[in-house]
Amino acid sequence: MASTGQQTSVGQNAAGAVQNADNDDKKTAKKKPSKKSAKKKKAKKKKPARPTKPTCTNVGKPGSDVSAVPWQQKWISPERLAPLANGSGQVVAIVDSGVDIGNRQLKGRVQSGYDVTRGGGVLGGYADCLPHGTGVASMIVADQVDTAGFRGIAPQAEIMPVRVTLAVPATGPGGTEGTNPARVAKGIIWAAQNGATVIEVSSSFRGDDADKNLKKAVQFALRRGIPVVAAVGDIHNADLPSDPLTYPAAYPGVIGVGSLAQDFTVAGTSAVSSAVDVVAPGEAVIASALAGGQQQYSGTSLAAGVVAGTVALVRQTSPSMTPDEIAKRLVATADPMPAGASGLAYGAGLINPYRAITERASVASAQQIAGAAVPTVDPVAVRTEKAREHAQGLAFKLAGLVVGLVVLLAIIALALPRGRRRSWVPGRAEPAATTRPRPEIPLEEESPFALPETNRG
């Protein structure tokens, strides 16, 4: 009973509170608001943020149309991928120098994005003064146009430009990065919170430069199921067996990407370290430029764009895969390179988009086939012996043929002069010599010098 009374009391109090609130609302409605309160209310209403385009002090030159199909595209073969996947439904964040929306190959594929470089970050990352992020983005979504041979790997995906630098990222030991880990971390978190399904990071920092905020940002994205692809940087020192680790590429779960040249060897500037998981074309590649046309780019960032586009295709075809599973598939389906499966320069090998979206790992464990006996005779040795015998037989036949030919030529050589002397008229054979029987000498006509009969022996 006591509890019932308490419930009734609480219910009455709650009902009274609601009634009092209604009465207060009515009283408030009857009173006319003062000018000061009206101003405060107006001040509290915030207008939605509008994306703004930053101004560029140093603007790169516009590109020109390149009608030839670039070398990296001949290998990637996007026309082979198109019937299987095109990146539809995927949003790839490009954490770089921004993305220019003036190039018609990118028209309709670039969101407004985010700019960390202006006052702590504002909406509007769709400007690229260099350009650099534009080239990376075009490796993914560039549309096919009649004046260019170049096109992207996932043309139906969308690009989320996250502007974190005003300089070319990862330019090397003597270059200017133009950003810091804190800016990149902020850009990664914003992308993860605003709909990115894949995040590509072009910047790379050495171990001393990386900080815990960058690592936390990467972990935040991975926990949300968003794969992170990062360039390993263009900082190779040929005098060292390996370069210092670069971040975020070296963080666990991140897909670190190195760069290949046109001869399919690692680019001379691509970092060599355990941070390299796979490699992709990145040296002297053709991609979209400012305003229009295309231009040549080089760097691990461009290679990271190819891999990020591949991840978008994998996510489209296998949406339930986790970032770790996607990374394992890219490694498992990479084409082997000269250095082998554990090369610091090549990682697991050359990324293969077609294999990545078509091949599936087997869930069954390997089983030994019963009854498979070990061969007692070496089949290679048997084939070698047969080939030797066959060659020996041919040699004997050829030698006999040569001897016969020599004999024939000798006969011809002897018969030829005689035939010419006779004018090729056959001669008559000489009669054979006959032997006449010796005539018998009669006894009476024997020579007087003959021996007596008794002395004849």
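A short tour of the structure in this document, coming up. Remember, predicted model here, so these are calculated numbers, not experimental data.

## With respect to the overall build of the chain
- Looking only at helices and strands, the chain has 11 helices and 12 strands in total.
- Burial analysis of the chain (457 residues in total) assigns 40% to the buried set.
- A fraction of 75% describes how many contacts in the chain between residues 6 or more apart in sequence connect residues 24 or more apart.
- Approximately 26900 Å² of the chain is accessible, and the part contributed by carbon and sulfur atoms is 56%.

## A few points about the environment of lysine 328
- The topology assignment puts lysine 328 in helix 9 (residues 323-332).
- For the pair lysine 328 and alanine 361, spaced 33 residues apart in sequence, the C-alpha separation works out to 9.7 Å.

## Digging into the sheet that holds strand 9 (residues 255-260)
- Ordered in space as 3-2-4-1-5-7-9-10, the 8 strands form an open sheet in which the pairing is mixed. Each having just a single partner strand, strand 3 (122-123) and strand 10 (278-281) make up the two edges of the open sheet.
- In this sheet, strand 4 (residues 158-163) lies alongside strand 2 (residues 114-115) in parallel orientation, the contact comprising 2 bridges. By the bridge assignment for strand 4, aspartate 115 is matched with arginine 163.
- Taken strand by strand, helix 5 (residues 133-141) contacts strand 1 (91-96), strand 4 and strand 5 (198-201), and its axis lies near 160° from that of strand 1.

## Quick look at the pairing of strand 12 (residues 294-297)
- Where strand 11 (residues 285-288) and strand 12 come together, 4 bridges link them in antiparallel fashion. Residue valine 285 lies in a different strand from strand 12, and its bridge partner there is tyrosine 297.
- Counting the residues that bridge the hairpin from strand 11 to strand 12 gives 5 residues, and of these alanine 291 lies at a positive phi of roughly 65°.

## Let's talk about the side chain of aspartate 96
- Position of aspartate 96 among the secondary structure elements: in strand 1.
- At 8.7 Å, arginine 163 is the nearest oppositely charged side chain to aspartate 96, a buried residue that forms no salt bridge.
- A polar contact of 3.5 Å, which involves the side chain of aspartate 96, links it to the backbone nitrogen of glycine 133.

## A word on helix 6 (residues 181-193)
- Taking 1.5 Å as the rise per residue, helix 6 with 13 residues should run 18 Å; its terminal C-alpha atoms sit 18 Å apart, in good agreement.
- Taken together, the buried positions of helix 6 are occupied by Pro181, Val184, Ala185, Gly187, Ile188, Trp190, Ala191 and Ala192.
- Among the residues of helix 6, the N-terminal cap falls to asparagine 180, whose side-chain oxygen and the backbone nitrogen of alanine 182 are separated by 3.1 Å.
- Glycine 195 occupies a position one or two residues after helix 6 and carries a positive phi of about 105°.

## Describing the side chain of threonine 165
- Tracing the backbone through its elements, the reader meets threonine 165 in the loop between strand 4 and helix 6.
- Overall, the relative accessible area of 1% leaves threonine 165 in the buried class.

## Observations concerning the pairing of strand 1
- Most of strand 1 is tucked away, with 6 of its 6 residues classed as buried.
- The sheet contact formed by strand 1 and strand 5 spans 4 bridges and is parallel. If you follow valine 95 over to strand 5, its bridge partner there is valine 201.

## Things to note about a nonpolar patch on the surface
- On the surface, a nonpolar cluster with roughly 400 Å² of combined accessible area is contributed by Leu398, Leu401, Val402 and Val406.
- Overall, valine 406 belongs to the exposed group, its relative accessible area being 52%.

## Comments concerning unusual backbone geometry
- In this structure, the amide linkage connecting leucine 130 to the following residue, proline 131, adopts the cis form with an omega of 0°.
- One can find proline 131 in the loop between strand 3 and helix 5.
- The step from tyrosine 247 to proline 248 runs through a cis peptide bond, and the omega angle for that step is 15°.
- Here proline 248 shows up in the loop between strand 8 (246-247) and strand 9.
- Phi at phenylalanine 264 takes a positive value of approximately 65°, unusual for a residue other than glycine.
- Tracing the backbone shows phenylalanine 264 in the loop between strand 9 and strand 10.
- Judged by relative accessible area, which is 30%, phenylalanine 264 ranks as partly exposed.
- Within the chain, alanine 284 stands out as a residue other than glycine whose phi angle is a positive 55°.
- Tracing the backbone shows alanine 284 in the loop between strand 10 and strand 11.
- Taking the relative accessible area as the measure of exposure, alanine 284 reaches 24% and is therefore partly exposed.

Criteria and thresholds
Residues numbered from 1 in each chain as written. Predicted model: local features only at pLDDT ≥ 70, side-chain atom pairs only at ≥ 80, totals over all residues. Heavy atoms only, no water. Helix = DSSP H or I, 4+ residues; strand = E, 2+ residues; numbered from the N terminus. Buried < 20%, exposed > 50% of the residue type's maximum accessible area, 1.4 Å probe, protein only. Contact = heavy atoms within 4.5 Å. Areas by Shrake-Rupley, 256 points an atom, 1.4 Å probe, with all protein chains shown as cover. Pairing = 2+ DSSP bridges. Axes fitted to C-alpha atoms, helices over the stretch in contact; angles between N-to-C directions. Lys, Arg positive; Asp, Glu negative; His and termini not counted. Salt bridge = Lys/Arg side-chain N within 4 Å of Asp/Glu carboxyl O. Polar contact = N/O pair within 3.5 Å; in protein donor to acceptor, adjacent residues only side chain to side chain. Expected span 1.5 Å × (residues − 1). Patch = residues over 30% accessible without salt bridge, like charges linked within 9 Å, V, L, I, M, F, W, Y side chains within 5 Å.

So far we have only geometry, and geometry alone does not tell us how the molecule works.
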